[in-house]
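Summary of the model geometry
Take a look at the letters that make up each chain.
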Amino acid sequence: MYGGFEGFFLCHCSHCRKGTGSAHAANIFSHVAKLRWLSGESQVTVYNLPETRHVRSFCTVCGSALPTLQMNGRLLVVPAGSLDTDVPLRPQGHIFMESRANWDEQLEKLPQFGSFPE
């Protein structure tokens, strides 16, 4: 990828929750960044959820979430967790909070472990 990112949002919509299996998706957005595949592009599957604007790309080998072009190629959406480098910006906010999971409250207060708890 080259070019800058303009936004980083945590999306709590039901489509993102189901697509990630988590409380939210963490996506970086850009209208100017360009994606150039170095390898593996033939192993990318793009899924457009019918009758919605929800689009997901993933690797058919390992299932990892991958960047996708949306809005007829005008918007690059990059799952933050898919990057091998540090994310260049901090999340700017939570979106679609009206759809958030009922268990997604005060999660920062839960015990934290460096690895799987025994």
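Before any of the text, the structure's been laid out above.
A brief structural summary. (Residues numbered from 1 in each chain as written. Predicted model: local features only at pLDDT ≥ 70, side-chain atom pairs only at ≥ 80, totals over all residues. Heavy atoms only, no water.)

Any two side chains of opposite charge can pair, given that their charged atoms come close. Enumeration according to the criterion identifies one salt bridge in this entry. Among the salt bridges present, the one from Glu105 reaches Arg100, with a minimum N-O distance of 3.4 Å. When its relative accessible area of 32% is taken as the criterion, Arg100 is described as partly exposed. (Salt bridge = Lys/Arg side-chain N within 4 Å of Asp/Glu carboxyl O. Buried < 20%, exposed > 50% of the residue type's maximum accessible area, 1.4 Å probe, protein only.)

Before going further, it helps to spend a moment on the pairing of strand E4 (residues 55-59). Of the two faces of E4, the one holding Val55, Ser57 and Cys59 is buried and the one holding Arg56 and Phe58 is not buried anywhere. Judged from the five bridges that link them, strand E3 (residues 44-48) and E4 form a sheet pairing that is antiparallel. Bridging across to E4, Val46 finds its partner in Ser57. Where E3 hands over to E4, the hairpin turn is made up of six residues, of which Glu51 adopts a positive phi near 60°. Note: E4 against strand E5 (residues 65-66), two bridges, orientation antiparallel. (Helix = DSSP H or I, 4+ residues; strand = E, 2+ residues; numbered from the N terminus. Pairing = 2+ DSSP bridges.)

Per the stated rule, a full pass over the model turns up one aromatic pair. Summarising the aromatic geometry, the rings of Phe9 and Phe29 are spaced 6.3 Å apart at their centres and angled 55° between planes, so their arrangement reads as tilted. Here Phe9, found in strand E1 (residues 7-11), pairs with Phe29, found in strand E2 (residues 25-30); they are 20 residues apart in sequence, far enough to count as distant. Exposure remark for Phe9: the relative accessible area of 27% places this residue in the partly exposed category. (Phe/Tyr/Trp six-rings, centres within 6.5 Å; stacked < 30°, edge-to-face > 60°.)

So, on to the pairing of E2. Two faces belong to every sheet, and in a regular strand the side chains alternate between them. In the sheet, E1 pairs with E2 via five bridges, with the strands oriented antiparallel. The partner of Phe9 across the bridge, within E2, is Asn27. Here E2 runs beside strand E7 (residues 75-79); their pairing, made up of four bridges, is antiparallel. Opposite Ile28, over in E7, you have Val78 as the bridge partner.

What follows covers the layout of surface pockets. Considered as a void within the structure, the largest pocket measures approximately 750 Å³ in volume. Around the largest pocket, the lining is made up of 29 residues, and of these Cys16, Asn27, Arg53, His54 and Gln70 lie nearest the centre. Grouping the constituent residues of the lining of the largest pocket by class yields 16 nonpolar, eleven polar and two charged. (1 Å grid on protein atoms, 1.4 Å probe; cavity = no way out; pocket = protein on both sides within 12 Å on 5 of 7 lines; lining within 4 Å. Points joined across faces, edges and corners; volume = space filled by probe spheres on them. Nonpolar A, V, L, I, M, F, W, Y, C, P; charged D, E, K, R; others polar.)

Attention now moves to the environment of Lys18. Tracing the chain through its elements places Lys18 in helix H1 (residues 14-20). Considered as a pair, Lys18 and Gly81 are 63 residues apart in the sequence and their alpha carbons are 16 Å apart.

Turning to the sheet that holds E5, a few remarks are in order. Taken in spatial order, the three strands line up as E3-E4-E5 in an open sheet, and their pairing is antiparallel. Across the chains shown, the open sheet's two edge strands, defined by having one partner strand only, are E3 and E5.

By themselves, these observations are geometric and do not establish any function.
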